[in-house]
Amino acid sequence: MKNILLLLLFFWVTACKHGLNVESNLKLWYNQPADASVPDSPNGWKDDPEWLKSLPLGNGSLGVMVFGDINHERIQLNEESMWSGSPHDSDNPEAALHQDKIRQLLFEGKYREATELTNATQICIGPGSGRGNGANVPFGCFQTLGDLWIDWNRTGDYNDYYRELDLKDAVVRIRYTQNGVKYEREIFTSYPDQVMVARFTANKPGQISFSCSLTRPERFRTFSENRQLVMTGALNNGKAGDGLEYMTRLRAINKNGTVEYSDSAITVKNADEVVLLLSASTDYELEYPDYKGRDYKTVTQINIEEASEKTYDVLLNTHKADYQAYFNRVELNLCNLPDTIPTDERVSRFRETKNDNHLIQLVFQYGRYLLISSSRPGTLPANLQGIWANKIQTPWNGDYHTDVNIQMNYWPSGVTNLSEFKLPMFDLIESLVEPGERTAAIQYNFNGWVVHPITNVWGFTSPGEVAAWGMHIGAGAWLCTHVWEHYLYTGDKEFLERMYPVMRGSAEFYLDWLVEHPVTGKLVSGPAVSPENTFIDPDGGRSQITMGPAHDQQVIYQFFKEFLYVAEEIQIEDDVVALVADAKNRLARGIQIGSDGRLMEWPEEFPEAEPGHRHISHLFALHPGSQITMADTPELAAAAKKSLDFRIEHGGGHTGWSAAWLIHQYARLYEAEKAEEYVNTILTRSITPNLFGLHPPFQIDGNFGITSGIAEMLIQSHTGAIHLLPALPKAWPDGEIQGLRARGGYDIDIKWENNELVEARIVSDRQRTARLRYNGKEITVDLRRGRMQTVRLSDFQ
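Predicted, not measured: the structure shown is a model, and the values here were computed from it.

Conventions adopted
- The written sequence of each chain sets the order in which its residues are numbered from 1.
- Where totals are concerned, whole chains, interfaces and linings use all residues; where local detail is concerned, this predicted model gives features only for residues with pLDDT of at least 70, and gives and counts side-chain atom pairs only at 80 or more.
- No hydrogens and no water enter the side-chain calculation; it runs on all heavy atoms of the structure.
- Pairing between strands is defined by DSSP: at least two bridges between them are needed.
- What counts as a helix is a DSSP run of H or I of at least four residues, what counts as a strand is a run of E of at least two, and both are numbered from the N terminus.
- Axis lines are fitted through C-alpha atoms, for helices just across the contact stretch, and the angle between N-to-C directions can take any value from 0 to 180 degrees.
- Convention used here: angles under 35 degrees read as roughly parallel, angles over 145 as roughly antiparallel, angles from 65 to 115 as roughly perpendicular, and any remaining angle as oblique.
- A crossing counts as left-handed when the near helix is turned anticlockwise from the far one by less than a right angle, and as right-handed when that turn is clockwise.
- The contact criterion used throughout is that any non-hydrogen atoms of two residues lie within 4.5 Å.
- Ten residue types, Ala, Val, Leu, Ile, Met, Phe, Trp, Tyr, Cys and Pro, are classed as nonpolar, four, Asp, Glu, Lys and Arg, as charged, and the remainder, Gly among them, as polar.
- In this analysis a 1.4 Å probe is tested at points of a 1 Å grid over the protein atoms alone, and where it fits but cannot get out there is a cavity; an open set with protein on both sides within 12 Å along at least five of seven lines is a pocket; lining residues have an atom within 4 Å of a point.
- Grid points are joined across faces, edges and corners, and a volume is the space filled by probe spheres set on the points.

A. Structural view of the sheet that holds strand β14 (residues 258-261). If you walk across this open sheet you meet the 7 strands as β2-β3-β4-β5-β10-β15-β14, and the pairing is antiparallel. Two strands lie at the open edges of the sheet, namely β2 (55-58) and β14, each paired on one side alone. Strand-to-strand twist across the sheet, computed as the mean angle between neighbouring axes with direction ignored, equals 20 degrees. As judged from the 4 bridges shared by strand β10 (residues 208-215) and strand β15 (residues 266-271), these two strands associate in the antiparallel manner. Within β15, the position partnered with Phe210 by the bridge is Val268.

Here it is, written out as structure tokens:
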């Protein structure tokens, strides 16, 4: 039997390599349920294996994880704004008093003294994030909404079990046979109707009988009203009181049989079919300084009542039409064989074969699916876990890390044709301006606004409670670079006009923050860290603080450059624009090659305390920035490659998101095989049975990062030219991708065979001449708005 399976696997892998023309699907599917009887670990930092087998659904505001258990189903629930904590004054008015002294010490090379003084003074007041355990402090934590339990009150063996999540329609389906009856379930979360919908059917009448309940690990009560089971409560505000209030409503709609409601459960007996409708909300609003005001009771009531007036088919078809309008924009085909291997087995086998192009196209589309499911216009942005968390204490509070993680969450949005789903990120950035102005004024006595490496839904903009990681000053600049990037993909000038004041405020802060280096005369940022990294100072101590770390210099330069682009595009000339133009020209670039040929992370050649550190922040200029390119700066690109290779030789890329960043970096260097190696690294050691990414623990940026990274291997447009197949590995010899976006406003389809371009089809948003690049050659193509133009391999020869 084993030999037969190996033979089938060999045929399947070989056929994938040669692109046999058999229709493929995009499903995560399994032959067994996730075991809902296994309790979650009370340890908030420990992943729960069965939860990582359940299947995620989401509509941006409501997230669920479906276990598919036979007799005791669990549907774990999340709501976007289920945050403990509350607004809290964490700005330190004493910090500014020590800035000049710290800078003096750093310029004098007294790093140990400067680090000690920074750690003592350049931090927030109070507990900050609670060292990533913020559930009981004001910083707060993204938390589980609770669980929907469905008890079937029957026993007996089952067979023919099948469970799937179909990425093409965002529906979970479960079927099995028990006691001679065939049962089916369909579950989805509807964005148009703002409810979770779950339908239960059988092939014989009167077979649907169950009781269902709503629970939460803490702070909840249930009651019944208006043919609904209601769960409500208030979260911990971190100050020994109540914070956000929440409500979950559940209704059962039956075909024949009976439904009874009590204060603890809904009981269904002998129905032919049952549809459950669930709606949830809190009283949170993203509005400084109170952050409360949503009429959550009315919102949930209206959602349930309006959905109850529609048939199941109407709810399903409305959901599918909405979802597919976005998901179907892009299609990737690397392997067109029937999908005959369950997803968990596929993941397990990949660890041995390192070759499964179906899995690669599946995870590519899974990242797009997760972005659509966790970040809709008008919702909060995707956090460290998207919208899915099963604990009261979520790792790192499930917050927004601004030193790469929230940025990576949205890297795939433009290139994979989902720009609308990035808008929640800009809502969050706008919401940080007022509290960030307060931090800039109190913490530093400066104008403008600032944010540091972490934030939450309460407007936390102070440094962290530990300066070693908390003095990440480049965060605001990095966030603001996404404004121009979004515009390049969308051409939306109204968006630029909306975001210009945000960028202007950030620029005002950096104009005050930057100081002149006493030796070079260049403007440098500091005291500041290179995100989360440590160097060995000349005295042999471990330090993090310098003046002008490469990351800050590169990010601020990129931001200043793009701020000037925005001002020019919307025709604004003011004092800040003139000051930024001058400061940009005086800014230390932060791109220096050391004596060993590597790019320097700090202004001096300090040895790294951790040579294989997960962050590669000093290579921002290569990606996501555009200051280092193979075409324009080959010497710097070579130094960047040496930096990457060195870090990897010493264990770098060991987290899911870090490996995802390496895909992009190597793709920018046209190192196709190295880029593919880190695609494979994620699939080998940083992915779960339900394809969630692992830091570990679960962290969703790896999912978004691998999707963006695969796209970066197939198309690049950051230099002004559209580069086709810049990093196509040998393992993807034949394929086609449709619907990618290029900066400037282009839709691109690309087809290749035998690792060589066959043709590309381009549609432009406006009439212009485009530069296309392939295999070292560049051509120009005249394009008319909305009209497809095809180029072929012969055009580049």
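B. Main features of unusual backbone geometry. The omega torsion across His623 and Pro624 is 10 degrees, close enough to zero to call that bond cis. Counting through the fold element by element, Pro624 comes out in the loop between α16 (575-586) and α17 (634-649). Cis rather than trans, the peptide bond between His695 and Pro696 has omega equal to -5 degrees. Along the chain, Pro696 turns up in the loop between α19 (672-685) and α20 (701-714). Of note in this structure, Glu532 is not a glycine but carries a positive phi near 65 degrees. Looking at the secondary structure, you find Glu532 in the loop between β21 (523-524) and β22 (535-536). Positive phi values are uncommon outside glycine, yet Asn775 reaches one of about 50 degrees.

C. Quick peek at the packing of helix α14 (residues 493-513) against helix α15 (residues 550-569). Where α14 meets α15, the axes come as close as 10 Å, and the angle between the chain directions of the two elements is 140 degrees. Between α14 and α15, the angle is such that the two are oblique. As for the relative orientation of α14 and α15, their crossing is left-handed in sense. Contacts between α14 and α15 involve Lys493, Leu496, Tyr500, Met503, Arg504, Ser506, Ala507, Tyr510 and Leu511 from the first element and Ile556, Phe559, Phe560, Glu562, Phe563, Val566, Ala567 and Glu569 from the second. A per-class count over the contact of α14 with α15 returns 12 nonpolar, 1 polar and 4 charged.

D. Local environment of empty space enclosed by the protein. All told, the structure shown has 5 cavities of 30 Å³ or more when counted by the stated rule. Looking at the largest cavity, its volume works out to about 100 Å³. The wall of the largest cavity is formed by 14 residues, among which Asp47, Gln385, Asn390, Lys391 and Pro395 lie closest to the centre. Split by residue class, the lining of the largest cavity holds 6 nonpolar, 4 polar and 4 charged.

Any functional reading would require information beyond the geometric quantities listed.
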